[in-house]
Amino acid sequence: GKHFKSAFDVISDRGEVWKTFISNERFERNLSQIITSFTSPSLDKRKSIWIQGTYGTGKSHSLSVIRHLLSDDFETIADYIPKLNRSQLRGSIASFRKSKRVFPVVLKGVCAITDVADLTYTIQYQVAKALGDIQVSTKTDFDSLLQVLKNESLDSFFAGIIEKNVELWSYAANKGQLIRALENYDISVLRLVSDEIKAAGLGSFRTHNIVDWLAEVRRELKRQGIADYLLIIWDEFTTLLDIPARRSILNVMQDIAELSYSEAEDDPSDTLGVHLILVTHKHLEATETYKELKEDERNMAQARFTELDYGMQPTTTFHILSGALDRKQPKLLDELIQKNLMDVPSVRMIVDQIVDNDAVNASEIKEKVKSLYPFHPYTSYLATFVSRVIGEAERSIFEFLNDEEKGFKKFIETNIDEKKFLTADYVWDFFQETFEKNTAFGFIINRFKLSGAAVASQGEEYSSVFKTILLLNILYRVATTDGDASEKSMVNPSTKNIIAAFSGVLNENEVLTIL
């Protein structure tokens, strides 16, 4: 496919790539909540959004779709709207977008933020960058300081601080360099100079707090007919909730969040119109910051956001895989599924094990997993994990399916009776090179390089089991950073899991002998 970019970075996506996104139930539920947050007749429902989802759940791709749907010209999104499954949602997007537009600003990760001042400057910088050539009368703190600098009466003061402030001098050795640094939105320079100005008793040139500043930018956008709302999408916001200043940062974000449902002075049917979408790997309640709050503060924090979930990784991957397989002889496949999977209790059990029975559509997902035959159910599950490590699920899975040397295309050359399932060692073979690029896995890769050949000389089954153990070791390390307990237990390189990965292929005693 011409559109599989290795990873979908929300900040830099260009062109029409976003339209390759395959809509799904969870995404549409979230999207309709987001639309409601702009259109609800009762203003208290127009809350900012907190999206939680694990790594690699396709959050970045789906965010990109949401951003385009809210902000691109209606003509350019019109051909994507029919791809949405819910007719009500198609209608609400079309009617919202025919009359309104959202101006998006995208941030990602921590951006070297250590406190609220950094947070303020970072948001100002990203907003200014997103505005580009659009002129607004709202000045950033960078602009205000540049104005002070260009006023020549303070030249000797600036020369003096550059001379005595070693840190500042390392960024800018004269006034010209100082101006250039501020024009490039250098936050460190802005901080150092503003501290010096304060220390000298020249007052603070900082004119606003960030909340008023954002409200003012949005008023300007509306006045100029550019957009009706200002939306800040902050991907990977989790990292900001782990730094020492996290409480004050959460407080500021809450104050910004209030702008989305606070009534506008000039129009009681409208709000101050600044919205947040914060994307994290944790629910609000699970963050360190939240745990440190007092009871009433907790309730306040929760009241300001609508929390949405995007934890649909394995299922999406199963759907992508299933949709990509072209079944030429469905009848033969059904017979094989019955014989090799359904009639073998140890394999059937794994399907139950890897699908969360509490999931809304658990039975549908189980059917999907079975339909992935000849993928062993355990292999399908592990593949969803790998795509998480590697970043872009779709790219890695499609490449695996189309690879004739190590992937699925190699497997389907083998005889049906000879190999009943595609086992996890294929996943290792295909992704080994990618794993090698990650220094965290060096120890595991070295084990393979040292012992791989010796193990293989004992027979193919030995090699398959060895590679599966190594794969589980890698995935276990990944799960430890962002998985939940049930996920961890599934990728633990235990005897039980290795037996499970080969169920229906090798019996328990054969596996134990190899081990």
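Residues numbered from 1 in each chain as written. Predicted model: local features only at pLDDT ≥ 70, side-chain atom pairs only at ≥ 80, totals over all residues. Heavy atoms only, no water.

Describe in detail the overall build of the protein chain, supporting the description with residues and values.
Assigned secondary structure in the protein chain consists of 27 helices and 7 strands. Counting only residues that meet the buried cut, the protein chain has 51% of its 515 residues in that class. Expressed as a percentage of contacts within the protein chain between residues at least 6 apart in sequence, the contacts between residues at least 24 apart total 72%. (Helix = DSSP H or I, 4+ residues; strand = E, 2+ residues; numbered from the N terminus. Buried < 20%, exposed > 50% of the residue type's maximum accessible area, 1.4 Å probe, protein only. Contact = heavy atoms within 4.5 Å.)

Please give an account of the pattern of salt bridges that cites residues and values.
In this structure the tally under the stated criterion is 22 salt bridges. Residue Lys-108 pairs with Glu-236 through a salt bridge whose shortest N-O separation is 3.9 Å. Taken together, the residues Lys-108 in strand β2 (residues 102-108) and Glu-236 in the loop between β3 (229-235) and α12 (246-258) connect sequence positions 128 residues apart. Among the charged side chains, a salt-bridge network with shared partners connects Arg-46, Arg-218, Lys-222 and Asp-270. (Salt bridge = Lys/Arg side-chain N within 4 Å of Asp/Glu carboxyl O.)

Run through the pairing of strand β6 (residues 274-280), naming residues and quoting values.
Remark: a regular strand shows side chains that alternate across the two faces of the sheet. Burial of β6 is extensive: 7 of the 7 residues sit out of reach of the surface. Both faces of β6 are covered, namely the face carrying Val-274, Leu-276, Leu-278 and Thr-280 and the face carrying His-275, Ile-277 and Val-279. Sheet topology places β3 next to β6; 5 bridges connect them, and they run parallel. Residue pairing in the sheet places Trp-234 in a bridge with Leu-278 of β6. (Pairing = 2+ DSSP bridges.)

Quick one: what's the story with helix α22 (residues 425-436), residue by residue and with numbers?
Helix length check: α22, at 12 residues, gives a terminal C-alpha distance of 16 Å against a target of 16 Å (1.5 Å per residue), a fit within 8%. With 9 of 12 residues buried, α22 is to be regarded as a mostly interior element. (Expected span 1.5 Å × (residues − 1).)

Any chance you could break down the environment of Tyr-373 for me, citing the residues and the numbers?
Relative to the assigned elements, Tyr-373 resides in the loop between α18 (362-371) and α19 (377-390). Along the primary structure Tyr-373 and Ser-322 are separated by 51 residues, whereas in three dimensions their C-alpha atoms are 9.3 Å apart.

Could you give me a rundown of unusual backbone geometry, with the residues and numbers involved?
Excluding glycine, residues mostly have negative phi values, and the peptide bonds linking residues are mostly trans. Cis rather than trans, the peptide bond between Tyr-373 and Pro-374 has omega equal to 15°. Tracing the backbone shows Pro-374 in the loop between α18 and α19. The backbone of Glu-236 sits at a positive phi, close to 55°, despite the residue not being glycine.

Quick rundown of the sheet that holds strand β1 (residues 48-52)? Include the residues and the values.
Spatial ordering of the open sheet is given by β2-β3-β6-β1-β7, a layout of 5 strands whose pairing is parallel. Two strands close off the open sheet at either side, each with one partner strand: β2 and β7 (305-309). Ignoring which end each strand starts from, the neighbouring axes of this sheet average 15° apart. Across 4 bridges, β1 lies against β6 in parallel orientation. Looking across to β6, one finds that Gln-52 is bridged to Thr-280. Running over the sheet, helix α5 (residues 116-131) touches β2 and β3 and is turned about 130° from β2. Of the strands in this sheet, β2, β3 and β6 touch helix α11 (residues 210-223), which is tilted by about 130° from β3. (Axes fitted to C-alpha atoms, helices over the stretch in contact; angles between N-to-C directions.)

Tell me what's going on with the pairing of β2, and back it up with residues and numbers.
The buried count for β2 comes to 6 of 7 residues, which makes it a mostly enclosed element. Pairing between β2 and β3: 7 bridges, direction parallel. If you follow Val-102 over to β3, its bridge partner there is Tyr-229.

How would you explain the nonpolar core if you had to name every residue and give the values?
Here is a general trend for soluble globular proteins: nonpolar side chains tend to be buried in one another's company. Membership of the largest hydrophobic core comes to 61 residues, with the highest contact counts inside it found for Leu-382, Trp-428, Phe-435 and Leu-471. With 8 residues, helix α24 (residues 460-482) is the single largest residue contributor to this core. With residues up to four places along the chain from it excluded, the contact list for Leu-382 reads Ala-424, Leu-471, Leu-472, Leu-475 and Val-491. Core analysis: the second largest hydrophobic core is formed by 42 residues, Val-105, Leu-107, Phe-237 and Ala-245 among them. (Core = buried A, V, L, I, M, F, W, Y, C linked by side-chain atoms within 4.5 Å.)

Report on the packing of α11 against α12, specifying residues and quantitative values.
Taken N-terminus to C-terminus, the directions of α11 and α12 make an angle of 30°; their axes are 9 Å apart at the nearest point. What the angle tells us is that α11 and α12 run roughly parallel. Helix-helix and strand crossings are classified by hand; for α11 and α12 the assignment is right-handed. Packed against α11, whose contacting residues are Ile-210, Val-211 and Leu-214, the element α12 presents Val-252, Asp-255 and Ile-256 at the interface. (Parallel < 35°, antiparallel > 145°, perpendicular 65-115°, else oblique. Left-handed = near helix turned anticlockwise from the far one by under 90°.)

Can you lay out the side chain of His-376 for me, pointing to particular residues and giving the numbers?
Residue placement: His-376 occurs in the loop between α18 and α19. Look past the residues within four positions of His-376 in its chain and what remains in contact with it is Ile-350, Phe-421, Leu-422, Ala-500, Ala-501, Phe-502, Ser-503 and Val-505.

Tell me about helix α9 (residues 175-183), and please be specific about residues and values.
An α-helix turns once every 3.6 residues. As a result, residues three or four positions apart point the same way. Residues of α9 that are buried include every one of Leu-178, Ile-179, Ala-181 and Leu-182, and no others. End-on view of α9: buried residues confined to an arc of 160°, all on one side of the axis. For α9, the secondary structure elements touched by its buried residues are α6 (141-150), α7 (155-164), α8 (166-171) and α10 (187-199). Sitting at the amino-terminal end of α9 is Asn-174, which places a side-chain oxygen 3.1 Å from the backbone nitrogen of Gly-176. Just downstream of α9 lies Tyr-185, where phi reads positive at about 55°. (Arc of directions from axis to C-beta. Polar contact = N/O pair within 3.5 Å; in protein donor to acceptor, adjacent residues only side chain to side chain.)

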